[in-house]
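Understanding the architecture of this molecule
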Amino acid sequence: MNANVEVTYKKRLDNIVEKTIEAIESSKEQIFDILEKAKEEARKLETQLEELKIQVINVIKEVELCERKEKKCRLKLAFVSKQFGHLSEQAIREAYEEAKEAQIELALKRREEKELIEKRNELERKLVDNKAIIEKAEKLASQISIALNYLNSDLKEMNSQLEQLKDRQALSVKIIEAQEEERKRIAREIHDGPAQAMANVLLKSELCEKLITKDIELAKIELKNLKDIVQQSLKEVRKIIYDLRPSALDDLGLVPALSRYIKNFSEETGIFVDFTVLSDYKRLSPEIEITCFRVVQEALTNIKKHSRAKNASVKFEFGMRFISIIIKDDGIGFDKENIGQGYGLMGMRERVEILNGKFEISSFKNKGAQIYISIPVRGVEDDQIVGG
Ligand SMILES: Nc1ncnc2c1ncn2[C@@H]1O[C@H](COP(=O)(O)OP(=O)(O)O)[C@@H](O)[C@H]1O
Ligand SMILES: [Mg+2]
């Protein structure tokens, strides 16, 4: 994807999600508003209900009193009625009036009681409805909070995943480029070495063909030359094959393969390399062994190409949980901030980090260079011990 287009897409996506979050946040505020109002209403209803309950209790008591009074009046009236002949008309009327008044008072109180109870029941119903609203609003508010959290954190996650994806894409491109570079190097090596030698062999054999009848001594010398060329290119072909995949690594394991490699390196370059293995050497998983081999190979190639060192050292330590390697030289060193375009150091780091290992370089101008690597080893217990 074009970088500009990618940026625009990302911006647009950010925009959409931001707007969504805003909308949800405003709904959340509204729900909190509703919730607050409902709670306020509930508080009011509760105090009203408390007051009403007291009123109901009082009115029930009052109704009881009225009932008692009315009964008394009724009994008195019945008594007065029986004594009809002996009591004054005035007294009878009074008793009658009293009984009637008590009856009316009782009826009024009973109505008041009924109304108050109805009002109380109504308030109780309202309070139940109100509590249901509060519960719903609370649930909704918490769900919205969860949704917001998801949106906020998932978005961040998505963005970091996008970044990682981009990094990985960039890495793939670099790996492909490095592979191409490697193929070019091998092609160049074959072209400059064995292919050149074969052309030479062809020329020399034609020369020998002509010389053999004319000057047998000269022909013998040329044949000797021919033999040297073939021998030399055989060596080169073997070296190319060895660089591609050291078969000793599969057959003998890391340490013997490196011993052989380092011996050849020293012979070829004249750089003395001290190879030390601390602790017992164990066979490791193939990917760890090949990584260690390639890292040492690249480090030594750099020493040959760039360092002008006379001495170097390669130290291995096979720990219980880690394998550590230190590669040092006494050459001109380099400024870490100022290294060229090469993929060597970068490739080493990548190989090591893929295996969750650590990779550190330390070097200063004219102070030599040092590479430190440590890779975690799994299933150490299962590995067979090959030698000391
Ligand atoms: N042992 C060393 N001594 C001095 N310079 C080094 C050494 N190793 C690496 N360098 C410097 O770091 C640079 C980057 O190395 P590398 O990534 O392997 O790329 P390349 O070897 O293809 O140039 C080299 O070009 C060189 O300048
Ligand atoms: Mg290099």
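Everything numeric here is computed off the predicted structure, so don't read it as measured data. (Residues numbered from 1 in each chain as written. Chains lettered and ligands numbered in written order. Predicted model: local features only at pLDDT ≥ 70, side-chain atom pairs only at ≥ 80, totals over all residues. Heavy atoms only, no water.)

With distances of 2.1 to 2.2 Å, the protein atoms coordinating the magnesium ion (ligand 2) are Glu298 (OE) and Asn302 (OD1). Placement of both Glu298 and Asn302 in helix 6 (residues 286-307) is noted, with a separation of 4 residues, approximately one turn of the helix. (Donors = N, O, S within 2.8 Å, 3.2 Å for Na, K, Ca; no water. Helix = DSSP H or I, 4+ residues; strand = E, 2+ residues; numbered from the N terminus.)

Before going further, it helps to examine the nonpolar core. If you look at the biggest cluster of nonpolar residues, it comprises 41 residues, and the most contacted ones within it are Leu254, Leu300, Val314, Phe316, Ile323, Ile327 and Ile373. Looking at this core, the elements with two or more residues in it are helix 4 (247-251), helix 5 (254-269), helix 6, strand 3 (311-318), strand 4 (322-329), helix 7 (344-354), strand 5 (358-363) and strand 6 (369-376). Here the element with the most residues in this core is helix 6; it accounts for 9 residues. Once residues lying within four places of it in the same chain are set aside, the contact partners of Ile373 are Val295, Ile323, Ser324, Ile325, Ile327, Val352, Lys358 and Phe359. Formed by 20 residues, the second largest nonpolar core is a distinct cluster that contains Ile31, Leu45, Leu52 and Ile144. (Core = buried A, V, L, I, M, F, W, Y, C linked by side-chain atoms within 4.5 Å. Buried < 20%, exposed > 50% of the residue type's maximum accessible area, 1.4 Å probe, protein only. Contact = heavy atoms within 4.5 Å.)

Here the focus is the environment of Arg321. Here Arg321 is to be found in the loop between strand 3 and strand 4. The exposure class assigned to Arg321 is exposed, which follows from its relative accessible area of 59%. With sequence-adjacent residues up to four places away left out, Arg321 is seen in contact with Ile375, Pro376 and Val377.

Glancing now at the domain arrangement of the chain. Partitioning the chain into domains gives domain 1 (3-172), domain 2 (179-237) and domain 3 (247-387). Taking only C-alpha atoms into account, the centre of domain 1 sits 78 Å from that of domain 3. (Domains from an automatic or database assignment.)

Attention now goes to the pattern of salt bridges. Under the counting rule described, the total for this entry stands at 23 salt bridges. Across the pair Glu67 and Arg110 runs a salt bridge, and its minimum N-O distance is 2.5 Å. Here Glu67, found in helix 1 (residues 3-82), pairs with Arg110, found in helix 2 (residues 89-214); they are 43 residues apart in sequence, far enough to count as distant. With a closest N to O distance of 3.2 Å, Lys224 and Asp228 form a salt bridge. Of this pair, Lys224 and Asp228 are both found in helix 3 (residues 216-244), 4 residues apart, which corresponds to roughly one turn of the helix. (Salt bridge = Lys/Arg side-chain N within 4 Å of Asp/Glu carboxyl O.)

What follows is about a negative patch on the surface. Together, Glu18, Glu22, Glu25, Glu29, Asp33 and Glu36 make up a negatively charged patch on the protein surface. Tracing the backbone shows Glu36 in helix 1. (Patch = residues over 30% accessible without salt bridge, like charges linked within 9 Å, V, L, I, M, F, W, Y side chains within 5 Å. Areas by Shrake-Rupley, 256 points an atom, 1.4 Å probe, with all protein chains shown as cover. Lys, Arg positive; Asp, Glu negative; His and termini not counted. Charge placed at Lys NZ, Arg CZ, Asp CG, Glu CD.)

Evaluated as defined, the whole model comprises 4 aromatic pairs. Between Phe316 and Phe318, the ring centres sit 5.9 Å apart and the planes meet at 25°, which makes this aromatic pair stacked. On the accessibility criterion, Phe316 (0% relative accessible area) is buried. Of the aromatic side chains, those joined through ring pairs into one cluster are Phe275, Tyr281, Phe316 and Phe318. (Phe/Tyr/Trp six-rings, centres within 6.5 Å; stacked < 30°, edge-to-face > 60°.)

The side chains of a regular strand alternate between the sheet's two faces. Across 8 bridges, the pairing between strand 4 and strand 6 is antiparallel. When the sheet's bridge partners are listed, Ile327 is paired in strand 6 with Ile371. Inspection of the sheet shows strand 5 paired to strand 6 by 6 bridges, in the antiparallel sense. Across the sheet, the residue bridging to Ser362 is Gln370, located in strand 6. Linking strand 5 back to strand 6 in an antiparallel pair, the connection comprises 5 residues, with Asn366 at a positive phi of about 60°. (Pairing = 2+ DSSP bridges.)

On the basis of which strands lie adjacent, the open sheet formed by 5 strands has the order 1-3-4-6-5 and mixed pairing. Each of the sheet's edge strands pairs with one partner strand only, and the pair in question is strand 1 (272-278) and strand 5. Taking the axes of each pair of neighbouring strands and ignoring which way they run, one obtains an average angle of 10° across the sheet. Along the sheet face, helix 6 touches strand 1, strand 3, strand 4 and strand 6 and points at about 10° away from the line of strand 4. The sheet strands contacting helix 7 are strand 5 and strand 6, and the helix crosses strand 5 at an angle near 150°. (Axes fitted to C-alpha atoms, helices over the stretch in contact; angles between N-to-C directions.)

Our focus in this paragraph is the pairing of strand 3. One ladder, built from 7 bridges, connects strand 1 with strand 3; its direction is parallel. Bridging from a neighbouring strand, Leu278 pairs with Glu317 of strand 3.

What follows is about the packing of helix 5 against helix 6. Close contact between helix 5 and helix 6 brings their axes to 11 Å; oriented N to C, the two are set at 10°. Of the possible angle classes, the one that applies to helix 5 and helix 6 is roughly parallel. Across from Leu254, Ala257, Leu258, Tyr261, Ile262, Phe265, Glu268 and Thr269 in helix 5, the residues of helix 6 making contact are Glu289, Cys292, Phe293, Val296, Gln297, Leu300, Thr301 and Lys304. Residue classes in the contact of helix 5 with helix 6 are distributed as 10 nonpolar, 3 polar and 3 charged. (Parallel < 35°, antiparallel > 145°, perpendicular 65-115°, else oblique. Nonpolar A, V, L, I, M, F, W, Y, C, P; charged D, E, K, R; others polar.)

All right, on to the environment of Asn356 then. Relative to the assigned elements, Asn356 resides in the loop between helix 7 and strand 5. Considered as a pair, Asn356 and Pro376 are 20 residues apart in the sequence and their alpha carbons are 6.9 Å apart.

Despite not being glycine, Ser279 shows a phi value in the positive range, around 65°. The phi dihedral of Asn356 is positive, around 60°, even though this residue is not glycine.

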